Amino acid sequence: MAETYKNYIDGKWAAAKSGKSFENRNPANRNDLIGHFPASGLDDVDQAVGAAKRALPSWRLVPAPKRGEILYRVGELLLRRKEELARIMTREMGKILKESRGDVQEAIDTAFYTGGEGRRLFGETTPSELPDKFAMSVRLPVGVCALITPWNFPLAIPAWKLFPALLCGNTVVLKPAEDTPHSAVKFFEVLEEAGVPPGVANLIHGTGEEAGSALVRHPNVQLVSFTGSTAVGREIAALCGQSLKRVSLEMGGKNAQIVMEDADLNLALEGALWGAFGTTGQRCSATSRLILHRDIKKDFTARLVGHAEKIKIGDGGDETVEMGPLINEAAREKAHRYVQIGKEQGAKLLTGGTMTEEKRWMDGYFYPPTIFDQVRPNMRIAQEEIFGPVLSVIEAGSFEEAVEIVNGTKYGLSSSIYTRDVGRAFRAMREIEAGITYINGPTIGAEVHLPFGGVKETGNGHREAGTTVYDIFSEWKSVYVDFSGKLQKAQIDT
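The following paragraphs examine the structure supplied in this document.

1. Here's the deal with the sheet that holds strand 16 (residues 370-373)
Here comes step 1: The seven strands are arranged 15-16-17-14-13-19-20 in an open sheet whose pairing can be described as mixed. Since the sheet does not close on itself, it has two edges, and those belong to strand 15 (348-351) and strand 20 (436-439), each with one partner. Within the sheet, the average angular offset between the axes of one strand and its neighbour, ignoring direction, is 25 degrees.
Here comes step 2: The pairing of strand 16 with strand 17 (residues 390-396) spans three bridges and is parallel. Residue Thr 370 lies in a different strand from strand 17, and its bridge partner there is Val 390.
Here comes step 3: On the sheet, helix 11 (residues 329-344) packs against strand 15, strand 16 and strand 17 and is oriented at approximately 20 degrees with respect to strand 16.
Here comes step 4: Its contacts with the sheet put helix 12 (residues 399-406) on strand 13 (255-259), strand 14 (287-293), strand 17 and strand 19 (414-418), and the angle it makes with strand 17 is roughly 145 degrees.

2. Details of the packing of aromatic side chains
Here comes step 1: Scanning all chains against the criterion turns up nine aromatic pairs.
Here comes step 2: Centre to centre, the rings of Phe 163 and Phe 187 are 5.8 Å apart; their planes meet at 55 degrees, and the pair counts as tilted. Residue Phe 163 is located in helix 5 (residues 156-167), and its partner Phe 187 is located in helix 6 (residues 181-194); the two are separated by 24 residues in the primary sequence.
Here comes step 3: Residue Phe 163 is classed as buried on the basis of its relative accessible area, which comes to 0%.
Here comes step 4: Site record: aromatic cluster; members linked through ring pairs are Tyr 8, Trp 13, Phe 163, Phe 187 and Phe 188.
Here comes step 5: Stacked on the ring of Phe 153, the Lys or Arg Lys 95 has its end atom at 3.8 Å from the ring centre.
Here comes step 6: Taking the ring centre of Phe 399 as reference, the NZ or CZ of Arg 427 above it sits at 5.2 Å.

3. Some details on the pattern of salt bridges
Here comes step 1: Under the defined criterion, the tally for this structure stands at 28 salt bridges.
Here comes step 2: Among the salt bridges present, the one from Glu 457 reaches Arg 234, with a minimum N-O distance of 3.0 Å. Of the two residues, Glu 457 is situated in the loop between strand 21 (455-456) and helix 14 (470-473) and Arg 234 in helix 8 (residues 230-243); the sequence distance between them amounts to 223 residues.
Here comes step 3: Classification of Glu 457 as partly exposed rests on a relative accessible area of 28%.
Here comes step 4: Lys 312 is paired through a salt bridge with Asp 318; the nearest N and O atoms lie 4.0 Å apart.
Here comes step 5: Salt bridges sharing common partners tie together Arg 81, Glu 84, Lys 186 and Glu 189.

4. A word on the packing of helix 2 (residues 64-80) against helix 6
Here comes step 1: Viewed as axis vectors pointing N to C, helix 2 and helix 6 meet at an angle of 130 degrees, and their least axial separation amounts to 9 Å. By the angle between their directions, the pair helix 2 and helix 6 is classed as oblique. Like other packed secondary-structure pairs, helix 2 and helix 6 cross with a definite hand, here right-handed. When helix 2 is examined against helix 6, the residues Ile 70, Arg 73, Val 74, Leu 77, Leu 78 and Arg 80 are found in contact with a partner set consisting of Val 190, Leu 191, Glu 193 and Ala 194.

5. Observations regarding unusual backbone geometry
Here comes step 1: Here Asp 10, not a glycine, exhibits a phi torsion of approximately 55 degrees, which is positive.
Here comes step 2: As for its placement among the helices and strands, Asp 10 is situated in the loop between strand 2 (7-9) and strand 3 (12-14).
Here comes step 3: Even without being a glycine, Asn 440 presents a positive backbone phi close to 60 degrees.
Here comes step 4: You can see Asn 440 is positioned in the loop between strand 20 and strand 21.

Rules used in this analysis
Residues numbered from 1 in each chain as written. Predicted model: local features only at pLDDT ≥ 70, side-chain atom pairs only at ≥ 80, totals over all residues. Heavy atoms only, no water. Pairing = 2+ DSSP bridges. Helix = DSSP H or I, 4+ residues; strand = E, 2+ residues; numbered from the N terminus. Axes fitted to C-alpha atoms, helices over the stretch in contact; angles between N-to-C directions. Contact = heavy atoms within 4.5 Å. Phe/Tyr/Trp six-rings, centres within 6.5 Å; stacked < 30°, edge-to-face > 60°. Buried < 20%, exposed > 50% of the residue type's maximum accessible area, 1.4 Å probe, protein only. Lys NZ or Arg CZ within 6 Å of the ring centre and 35° of its normal. Salt bridge = Lys/Arg side-chain N within 4 Å of Asp/Glu carboxyl O. Parallel < 35°, antiparallel > 145°, perpendicular 65-115°, else oblique. Left-handed = near helix turned anticlockwise from the far one by under 90°.

This is the structure in structure tokens:
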């Protein structure tokens, strides 16, 4: 029988107070039941937030370097359990083992990087304008943080949020996506073993409508960090605005790769295939638009289609498989619906675009690599986020036109250009409206020590990873020490 899992609240594993649960199944094989997980509601959220609130006064006083040492232990445990966690992840959300190992590695890298920042939570000292007066700024924790994470990176994204939140002295409640609760349970087993004190990190399972909404609305939550769709992010921002909660949003993308006529076409081809079909296109930074210079478009497109049709699809647990399933039936139906929209609007389907009917794939949510040609920049398949293996090829006659096409959506997360012209490369860095620009690389592949996030409707201005993440999870305080022994009036006694 499949195992029944629990929430993690105040250092203890607990079932939902309602007794309700939900199933979690393998998207590559719907007959494979992974387990039952708590369908949490307001009572469970209230218990978790209460535990985080009680733990805050003592945790915030633990010296930051000591908090960092706990994160080092988390990193060591993740490293030790890397293969186990990768296989759990692949079974739960479908991506191939190589990618799942990379997901765990990103969490490992984040643990070690963040642990080191425990000795670098720098403030500033600056001269005062008055004599015998000292001026400085310091970082302080925000309070109880609600972390709401997606299913496509079930270890890396929780790590991106939870580690810096803890390092800054906050306590947290994590609500993972209901498609990947098993990975979250294993993550919290690691946190517990590493010595994270009871109440400092709490785990609540459940739906966004129930557990997620209750967490966002809870009056004792001071900060909400969300990664997911723009539509849901907008709702969260509105709710947080009503109560003046701090909110960090990382949302959708409609990322584009430009290939100019002078590019290394073999390199660009590899980048396009990896960017479009890695993680079955289920990344916020996936390549969904391929903008090709007209001089190389015909030949490049033919090669692209030929390689895409050879991608081996199947269960990600098979080391020979190159692309796994979509996360669930709704995701597959969405991808197929956009294929129909593309055809209706006049785009030419070159390959894919069919519900997979091979017997060996019938029990999973598989969809083939799909490529459209003759796509106009204003078509819906070139404007709206599909979150699946659907790539739109768009022709451009010049560098300027290509950049205009890249910038012509409401999103601005990641971008890429392949060219040997250094001038074009630097103009692309300056002119492309995106939080990330790759030169001669695909649109995916973030590193934990650089800021991650986007512009326009991709986010609300915050950046995760790097040192910028500490501006999300800490408050700035200015401190003045006057040792003159008399009243000094700034701007008046100068």
